Amino acid sequence: MQGPSVPNEHETVGAYALGILDDAEATAFEAHLAGCEWCAQQLDELAGLEPMMAALADLPGTGTPAIAESLTVRPGPRLAEKLVDEVAERRARKRRRNFYLVGTAAALIVGGPFAAVATTSGGDDGGRRTEARESAGPAASAFAALPDRVTATDPTTKVSATVALEKKAWGTDAVLELKNVKGPEKCSLIAVGRNGERETLASWSVPNWGYGIPGAATDKAKEPLYVHGGAALEPNEIDHFEVMTFDGERLVEVDR
């Protein structure tokens, strides 16, 4: 016969006996334990089982004969199975939490430079100038490494653009170098296929001071903008590139 079901609030007794609760959980259970005779009785029965149950939780099955033979008092099979499952689940939860923390840290490391670009592009204080240069570094380095380039300067807007590109298995890897563009403005780099298809490779904001402005008063305004993007079109399928504002004005067209 099965005994009466155990209320959910009592199920922490096994984890508490094994010492795997964190400080907050242990404190909450101890407050419950002070007024619960059932948990106090269970805790007395489970005292001293932590080493055995920790070993059981790490094994693929429910233990080995060697471990079982070493016990002077053996728990019933249902109690042992429940405690093993609880320990395994607690450890799995801890592993998942550690994995999420590592993943978050990795995301911050990878995403940091791009976040700095967004922050720098919206401000106007000189204290962020170093951040801007460091953030642009990867795109500028990629631009320098790509030998296949096309360039053009629009006779009306005077905006100059150079697109460095490379064929990839997935399409075209491209880096734009943009000069003499004034802000504030929001722009996109678009690849136009020979069949008329249009693909947006990247978009960005131009701050008030602009990029690549000859004779500008500040260094950050003199520096070109480097933007990294990609297209599903292969290089031989691209007819030209366009730098467009969000308002539909074409700042410069770069033929392939």
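Residues numbered from 1 in each chain as written. Predicted model: local features only at pLDDT ≥ 70, side-chain atom pairs only at ≥ 80, totals over all residues. Heavy atoms only, no water.

The helix and strand inventory of the protein chain stands at eight helices and eight strands. A buried classification covers 36% of the 256 residues belonging to the protein chain. When contacts within the protein chain are restricted to residue pairs at least 6 apart in sequence, long-range pairs at least 24 apart make up 58% of them. When the accessible area of the protein chain is evaluated, it comes to approximately 15,100 Å², of which 54% is carbon and sulfur surface. (Helix = DSSP H or I, 4+ residues; strand = E, 2+ residues; numbered from the N terminus. Buried < 20%, exposed > 50% of the residue type's maximum accessible area, 1.4 Å probe, protein only. Contact = heavy atoms within 4.5 Å. Areas by Shrake-Rupley, 256 points an atom, 1.4 Å probe, with all protein chains shown as cover.)

Here the focus is the environment of Lys182. Considering the arrangement of structural elements, one finds Lys182 in the loop between β3 (171-179) and β4 (185-193). Judged by its relative accessible area of 56%, Lys182 is exposed. Between the alpha carbons of Lys182 and Ile213 there is a distance of 7.7 Å; along the sequence they are 31 residues apart. Apart from residues lying up to four places away in sequence, Lys182 is in contact with Val206, Gly210 and Ile213.

Here we come to unusual backbone geometry. Put simply, Gly183 and Pro184 share a cis peptide bond, and its omega is 0°. Its location among the elements puts Pro184 in the loop between β3 and β4. The backbone phi angle of Asn180 is positive, close to 60°, even though this residue is not glycine. As for its placement among the helices and strands, Asn180 is situated in the loop between β3 and β4. Under the relative-accessibility criterion, Asn180 is labelled buried at 16%.

Counting through the fold element by element, Phe29 comes out in helix α2 (residues 23-33). Setting aside residues no more than four positions away along its own chain, Phe29 makes contact with Thr12, Val13, Tyr16, Leu21 and Cys39.

A separate point is the sheet that holds β3. Strand order across the open sheet formed by four strands is β1-β2-β3-β6, with antiparallel pairing between neighbours. Looking along the sheet, the strands with just one partner apiece sit at the ends: β1 (148-153) and β6 (225-231). When the angles between neighbouring strand axes are averaged without regard to direction, this sheet yields 20°. Here β1 pairs with strand β2 (residues 160-168) via six bridges, running antiparallel. Counted as the bridge partner of Thr151 is Thr162 from β2. (Pairing = 2+ DSSP bridges. Axes fitted to C-alpha atoms, helices over the stretch in contact; angles between N-to-C directions.)

So, on to the nonpolar core. Burial of nonpolar side chains together is a common tendency in soluble globular proteins. Core analysis: the largest hydrophobic core is formed by 27 residues, its most contacted members being Leu176, Leu178, Trp204, Phe241 and Val243. Of all elements in the fold, only β2, β3, β4, β5 (198-206), β6, β7 (238-245) and β8 (250-255) reach the threshold of two or more residues within this core. Per-element accounting of this core gives the leading share, four residues, to β5. Discounting chain neighbours no more than four positions away, the residues touching Phe241 are Val150, Val163, Leu165, Leu189, Ile190, Ala191, Leu201, Val252, Glu253, Val254 and Arg256. Residues Val13, Ala15, Phe29 and Leu33 belong to the second largest nonpolar core, which totals 10 residues. (Core = buried A, V, L, I, M, F, W, Y, C linked by side-chain atoms within 4.5 Å.)

Before going further, it helps to examine the sheet that holds β5. Strand order in the open sheet formed by four strands is β5-β4-β7-β8, with antiparallel pairing between adjacent strands. Here the strands that pair on one side only, and so sit at the sheet edges, are β5 and β8. Strand-to-strand, the axes of this sheet are offset by a mean angle of 15°, without reference to chain direction. Pairing between β7 and β8: five bridges, direction antiparallel. When the bridges of β8 are listed, Val243 appears paired with Val252.

On to the side chain of His240. The topology assignment puts His240 in strand β7. Classification of His240 as buried rests on a relative accessible area of 9%. Of note is the side chain of His240, whose polar atom sits 2.9 Å from the side chain of Glu242. Among residues more than four places away in sequence, those in contact with His240 are Ile190, Ala191, Val192, Glu253, Val254, Asp255 and Arg256. (Polar contact = N/O pair within 3.5 Å; in protein donor to acceptor, adjacent residues only side chain to side chain.)

On to the packing of aromatic side chains. Under the criterion given, the structure shown has one aromatic pair. The ring of Phe143 has Arg149 lying over it, and the distance from NZ or CZ to the ring centre is 4.2 Å. Over the face of the ring belonging to Trp209 we find Lys220, whose NZ or CZ atom lies 4.1 Å from the ring centre. (Phe/Tyr/Trp six-rings, centres within 6.5 Å; stacked < 30°, edge-to-face > 60°. Lys NZ or Arg CZ within 6 Å of the ring centre and 35° of its normal.)

Because the α-helix completes a turn every 3.6 residues, residues three or four places apart line up on one side. Turning to α2, its buried residues are Ala26, Phe29 and Leu33. Burial along α2 is one-sided: seen end-on, the buried residues are contained in an arc of 65°. α2 presents Asp23, Ala24, Thr27, Ala28 and Ala31 as exposed residues on the side facing more than 90 degrees away from its buried surface. (Arc of directions from axis to C-beta.)

Shape is all these values report; function is a separate question.
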